[in-house]
Amino acid sequence: MFNIIAKWRLSIWFLTVLLVSGCGNSEKYKVIYNGEEKENQQYQTSKNVDFTIAIVPKVSGIPYFNAVEEGALEAGENLHVNVIFTGPPIADWKQQMNIIDDFIQKDVDLIAVSANDPEKLGPVLQRAKRNGIKVITWDSDTNPEYRELFINMVDPEKLGRHLMDNLAAKMGEKGDYAIMTGSHDAANLSEWINWIMEQQEEVYPQMNLLEVVETDDNPQKSYMEAQRLIKSYPNLKGILGSSSVGPPAAAQAVMDAEKVGEIIVTGLSTPNLMRSYLKDDTAQIVTLWSPKKLGYLTVSLAKELLNDNRPKDGQHIKNIGNIKLKEDMVIMGLPIDFTRENIDQYDF
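None of these values were measured; they are calculated from a predicted model. (Residues numbered from 1 in each chain as written. Predicted model: local features only at pLDDT ≥ 70, side-chain atom pairs only at ≥ 80, totals over all residues. Heavy atoms only, no water.)

Engineer: Can you explain helix H4 (residues 122-130)? Please cite residues and give values.
Structural biologist: Three or more residues of H4 are buried, namely Gly122, Val124, Leu125 and Ala128. Packing partners of the buried residues in H4 comprise helix H3 (93-105), strand S3 (110-113) and strand S4 (134-138). Looking one or two places after H4, you find glycine 132, whose phi comes out positive at around 85°. (Buried < 20%, exposed > 50% of the residue type's maximum accessible area, 1.4 Å probe, protein only. Helix = DSSP H or I, 4+ residues; strand = E, 2+ residues; numbered from the N terminus. Contact = heavy atoms within 4.5 Å.)

Take a look at the structure:
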């Protein structure tokens, strides 16, 4: 049970999450471009057609996917396509299946899903394809047979190894640590964790992974699990959150346990969720990409696919930059590290 002070702090934190979630239309926020001046839009078209693109995130109502939605809607307006963005309230593949089934009934032109399970969504996605609906994945992939291409934010191996390097550097390359993930079923999270663990085993033998905790991308569950980790492992020296709600929950739990400076907090999260924790040294470094840019890229490539144009390696996408292509996986760009020193340069 929380004491009164802990309850007050937790209430403030949840309120902050909700406020950040409501910042989807912030005038300050801009798409973060790669900065390339090169204009080589071989497959960008100005054809004005009445396509409807349905986008399904893993979960709705958290800042990360709110920012994705903002970018997707902006792309829809710029590219003259209809965009519908609907996700489940919790990271659950069955609820995603129902949403996709509803989109099939509405006869949309393309469904783009960030999958909560790489296999279990297969039957409903195959039914969509049989109905003439194109299917792609973004953020979190399915089995390749269920979709035409996967839009990935970054190279998963580079990201996983980078996250481990960040944690190791802040822990002095030794000590016990834990990982907080969203769902074991999410393909992207599982792949990142595999690379995190491989990097630790190869490069940091004096570090010891205690536990990988599943949080369902739920802020309250994440906080409770972080509290449990701190109480269960007196020698815990680091927590790495591999989904966006993990690091702020871990930072709040470390603060409430009066362990600031004793337990390192790193991982993947948004600048707005981590700003205060980075500034007061409760957390040390977090990493992400522009989720708004991911939403913009997803709609851009979806429209091109509907026009029978497949992406190519090195292709320049307007408002995004040059993409990379590995077989049928599109890689948007490189991750961004946020620290106490640069956090105020970002607003999402």
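Engineer: So, the sheet that holds strand S1 (residues 52-56): which residues are in play, and what are the values?
Structural biologist: On the basis of which strands lie adjacent, the open sheet formed by 7 strands has the order S2-S1-S3-S4-S5-S14-S13 and mixed pairing. Whereas interior strands pair on both sides, the edge strands pair on one side only; in this sheet they are strand S2 (82-85) and strand S13 (324-326). Ignoring strand direction, the axes of neighbouring strands in this sheet form an average angle of 20°. Running at roughly 155° to S4, helix H10 (residues 291-306) makes contact with S1, S2, S3, S4, strand S5 (150-152) and strand S14 (329-331) of the sheet. (Pairing = 2+ DSSP bridges. Axes fitted to C-alpha atoms, helices over the stretch in contact; angles between N-to-C directions.)

Engineer: Before we move on, could you go through the environment of aspartate 165 and cite the residues and values that matter?
Structural biologist: Relative to the assigned elements, aspartate 165 resides in helix H5 (residues 156-171). Residue class for aspartate 165 comes out partly exposed when judged on its relative accessible area of 27%. Leaving out residues up to four positions away in the same chain, aspartate 165 has contacts with Gln199 and Tyr204. Of note is the side chain of aspartate 165, whose polar atom sits 2.5 Å from the side chain of tyrosine 204. (Polar contact = N/O pair within 3.5 Å; in protein donor to acceptor, adjacent residues only side chain to side chain.)

Engineer: How would you summarise unusual backbone geometry if you had to cite specific residues and measurements?
Structural biologist: Of note, the phi angle at histidine 80 is positive, near 60°, even though the residue is not glycine. Examined against the element boundaries, histidine 80 turns out to sit in the loop between helix H2 (63-79) and S2. For histidine 80, a relative accessible area of 45% corresponds to the partly exposed category.

Engineer: Could you give me a rundown of the sheet that holds strand S6 (residues 175-181), with the residues and numbers involved?
Structural biologist: Read from one edge to the other, the open sheet built from 6 strands follows the order S7-S6-S8-S9-S10-S15, with strand pairing classed as mixed. In the strand order of this sheet, the two ends are held by strand S7 (207-214) and strand S15 (336-338), each with one partner. Strand-to-strand twist across the sheet, computed as the mean angle between neighbouring axes with direction ignored, equals 20°. In this structure, strand S10 (residues 285-288) lies alongside S15, joined through 3 bridges in antiparallel fashion. Bridge pairing in S15 places threonine 287 opposite aspartate 337.

Engineer: Let's hear about the nonpolar core: which residues, and what values?
Structural biologist: In terms of nonpolar packing, the biggest core is built from 82 residues, with Ile55, Tyr64, Trp289, Leu294, Leu297, Val299 and Phe338 touching the most fellow members. For this core, the element with the highest residue contribution is H10, accounting for 8 residues. What phenylalanine 338 contacts, discounting residues up to four positions off in sequence, is Ser269, Pro271, Leu278, Ile285, Val286, Thr287, Leu288, Ile343, Tyr346 and Phe348. By size, the runner-up hydrophobic cluster in this structure holds 18 residues, among which are Val56, Ala115, Ile133 and Tyr146. (Core = buried A, V, L, I, M, F, W, Y, C linked by side-chain atoms within 4.5 Å.)

Engineer: Which residues make up the packing of H5 against helix H6 (residues 187-203), and what values go with them?
Structural biologist: One way to put it is that H5 packs onto H6 with a least axis distance of 7 Å and a crossing angle of 55°. Relative to H6, the element H5 is oriented oblique. Note that H5 runs across H6; the crossing there is right-handed. Contact with H5, carried on its side by Pro156, Glu157, Leu159, Gly160, Arg161, Leu163, Met164 and Asp165, involves Glu191, Trp192, Trp195, Ile196, Glu198, Gln199, Gln200 and Glu202 of H6 and no other residues of that element. (Parallel < 35°, antiparallel > 145°, perpendicular 65-115°, else oblique. Left-handed = near helix turned anticlockwise from the far one by under 90°.)

Engineer: An account of the packing of H2 against H10 is needed here, citing residue identities and associated values.
Structural biologist: For the pair H2 and H10, interaxial distance at closest approach is 6 Å and the crossing angle is 40°. As summarised for this structure, H2 and H10 are arranged oblique, according to the angle between their axes. For the pair H2 and H10, the crossing hand works out as right-handed. Only Pro291, Lys292, Leu294, Gly295, Tyr296, Val299, Ser300 and Lys303 of H10 make contact with H2, whose side of the interface consists of Tyr64, Ala67, Val68, Glu70, Gly71, Ala72, Glu74, Ala75, Gly76, Asn78 and Leu79.

Engineer: Can you explain the packing of aromatic side chains? Please cite residues and give values.
Structural biologist: On inspection of all chains with the given rule, the structure shows 6 aromatic pairs. Aromatic side chains tyrosine 64 and tryptophan 289 sit 6.2 Å apart centroid to centroid with 85° between the ring planes, which places their arrangement in the edge-to-face category. Taken together, the positions of tyrosine 64 in helix H2 and tryptophan 289 in the loop between S10 and H10 put the pair 225 residues apart, joining distant regions of the chain. For tyrosine 64, a relative accessible area of 5% translates into the label buried. Pairing phenylalanine 65 with tryptophan 138 gives two aromatic rings, centres 5.9 Å apart and planes at 80°, and the pair type is edge-to-face. Of this pair, phenylalanine 65 sits in helix H2 while tryptophan 138 sits in strand S4, and the two are 73 residues apart along the sequence. Both residues of the pair, phenylalanine 65 and tryptophan 138, count as buried. (Phe/Tyr/Trp six-rings, centres within 6.5 Å; stacked < 30°, edge-to-face > 60°.)

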